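Remarks on the overall topology
Chain residues, written in single-letter form:
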Number of protein chains: 2
Amino acid sequence: MKNKGILIVLSGFSGAGKGTLMRRLLELYPEEYALSISATTRQPRKGEVEGREYFFKSREAFEEMIREDAFVEYACYVENYYGTPKAYVEEQLAAGKNVLLEIELQGARKVRAKRPDTLLLFVTPPDAATLKERLIGRQTESMEVIEARLARAAKEAEGMEEYDYLVVNDDLDTCVEEMHRIISSERFRTNRNTQLIETIQNDVKQFSKGE
Amino acid sequence: MKNKGILIVLSGFSGAGKGTLMRRLLELYPEEYALSISATTRQPRKGEVEGREYFFKSREAFEEMIREDAFVEYACYVENYYGTPKAYVEEQLAAGKNVLLEIELQGARKVRAKRPDTLLLFVTPPDAATLKERLIGRQTESMEVIEARLARAAKEAEGMEEYDYLVVNDDLDTCVEEMHRIISSERFRTNRNTQLIETIQNDVKQFSKGE
């Protein structure tokens, strides 16, 4: 059962704790997880390091990668490209690591279309009250920022059924363990073990023939 | 997330340890699991207790239950009926318990057809050598018994892909924990949480309207 790693898409509402969950998983199980690093054409911000926050690319280099089909998914926001380079993901999966990818619904759909064995997780607060608090509770923000966040949340919510699992983030430590259990259990899915099944089926046939 | 329990079908090769796995789960997590008890028309054997090994029924009573659609599945072996009474299963599920049901491929198909949310687990030894040992290794048995077991194993193996998960029984304690993790994680499947998802979707819409 020591197979390739699983590609994991993590989506969810703003403020649901996706980033924290991923960091905790990597801290607790560094041998089992890797974080996908995106490529982008936007300028590095202060403190951002090439190959840590992003792989920074020129527009030309990025478009060349698109032509070479070198992305698991990519999209254009506010005139900048963002994408998930295939090479790094494949490398980590081959090494047996589960690769975590934090993207929104549209990206999740693209990844699943390209790689049907991707595991889609949706992070959500435990109930409406907490959700509301996390979405609109930061009193320091402008009405405009809050409204934009609510509109995005409504869009994300529409796609919840397309995900495989809900990750309910009430208590962080509990949630990290649940998430880890969900991912670990996925390794035993029959459709992730077709080769093992085929071997067993053939072996049983051989035994019946007295071999 | 305190939902109804999950109905779990456990199948697998003879000697793979299904009975032991179920007993250990019940010992370790008595609050979370219940064992489905079958009804049968065969005579009680020495030491068997009504409502523990089986619910013993007359042929007439069993056939009346069939007419009343009171079974999750039933079958006839060697002129005796065996079936899974619906009432007990529903009661346990409603109380939040996961109900374990040890049946073969044919029964598993019937249960899944009737209740698509049933979780199907297939128990298998870790590799071909162990499988062979468990299937044909008991030197005390007649060739006939061994051949019958191999023929049944070959049939069971054919249906492995129809199950949701493989439960690989190498070390018993590890296997019980893996099985428990698989079942616990299933509770977070989006298709087992459609009501929660609907609530969240509605709430997010309400927030957007400023309510």
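For the structure itself, look to the data block above.
Computed from a prediction, not measured in an experiment: that's the story for all the values here.

1. Concerning the layout of surface pockets
Roughly 1,100 Å³ of internal volume is contained in the largest pocket. Around the largest pocket sit 39 residues that line it, and Met22(A), Ser38(A), Tyr54(A), Glu102(A) and Ile103(A) are the ones nearest its centre. Of all the secondary structure elements, the ones that give two or more residues to the lining of the largest pocket are strand S1 (7-12), helix H1 (18-28), strand S5 (71-77), strand S6 (80-85), strand S7 (98-102), helix H4 (105-114) and helix H6 (143-158) of chain A. In terms of residue count, H1(A) provides more of the lining of the largest pocket than any other element does, 5 residues in total. When its residues are assigned to classes, the lining of the largest pocket shows 14 nonpolar, 11 polar and 14 charged. Considered as a void within the structure, the second largest pocket measures approximately 860 Å³ in volume. Around the second largest pocket, the lining is made up of 27 residues, and of these Ser38(B), Tyr54(B), Tyr82(B), Glu102(B) and Ile103(B) lie nearest the centre. Contributing elements (two or more residues each) for the lining of the second largest pocket: helix H1 (18-28), strand S5 (71-77), strand S6 (80-85), strand S7 (98-102) and helix H4 (105-114) of chain B.

2. Side note on the interface of chain A and chain B
With 40 residues of chain A at the contact, the number on the chain B side is 39 residues. Taking both partners together, chain A and chain B bury about 3,700 Å²; carbon and sulfur atoms supply 67% of that area. Linking chain A to chain B there are 2 salt bridges. For Glu186(A), the salt bridge identified is with Arg189(B), shortest N-O distance 3.1 Å. One can count 21 residue pairs in polar contact (both at pLDDT 80 or more) joining chain A with chain B. Secondary-structure elements contributing two or more residues to the side of chain A that touches chain B are helix H5 (128-136), H6, strand S9 (165-168), helix H7 (172-186) and helix H8 (194-208) of chain A. Of the residues contributing to the side of chain A that touches chain B, the split by class is 22 nonpolar, 8 polar and 10 charged.

3. Digging into the nonpolar core
Among the nonpolar cores identified, the biggest contains 97 residues, and Phe13(A), Leu121(A), Met179(A), Phe13(B), Leu121(B) and Met179(B) are the most heavily contacted of them. Sequence-distant contacts of Leu121(A), defined by excluding residues within four places in its chain, comprise Ile8(A), Val9(A), Leu10(A), Ser11(A), Tyr163(A), Tyr165(A), Val167(A), Met179(A), Ile182(A) and Ile183(A).

4. Considering the relation of the copies chain A and chain B
When chain A is brought onto chain B, the operation consists of a screw motion whose angular component is 180 degrees and whose axial shift is 0.0 Å, with 0.1 Å RMSD remaining. When the rotation and shift are considered jointly, the pair of chain copies conforms to a two-fold rotation axis. Across chain A, the rotation axis passes nearest the C-alpha of Arg181(A), at a separation of 3.1 Å. Taken as a fraction of all interface residues of chain A, those also at the interface in chain B reach 98%, which identifies the copy contact as same-surface.

Cut-offs and rules
Residues numbered from 1 in each chain as written. Chains lettered and ligands numbered in written order. Predicted model: local features only at pLDDT ≥ 70, side-chain atom pairs only at ≥ 80, totals over all residues. Heavy atoms only, no water. 1 Å grid on protein atoms, 1.4 Å probe; cavity = no way out; pocket = protein on both sides within 12 Å on 5 of 7 lines; lining within 4 Å. Points joined across faces, edges and corners; volume = space filled by probe spheres on them. Helix = DSSP H or I, 4+ residues; strand = E, 2+ residues; numbered from the N terminus. Nonpolar A, V, L, I, M, F, W, Y, C, P; charged D, E, K, R; others polar. Contact = heavy atoms within 4.5 Å. Buried area = accessible area lost by both parts, 1.4 Å probe. Salt bridge = Lys/Arg side-chain N within 4 Å of Asp/Glu carboxyl O. Polar contact = N/O pair within 3.5 Å; in protein donor to acceptor, adjacent residues only side chain to side chain. Core = buried A, V, L, I, M, F, W, Y, C linked by side-chain atoms within 4.5 Å. Buried < 20%, exposed > 50% of the residue type's maximum accessible area, 1.4 Å probe, protein only. Least-squares fit on C-alpha atoms with pLDDT ≥ 70 in both.

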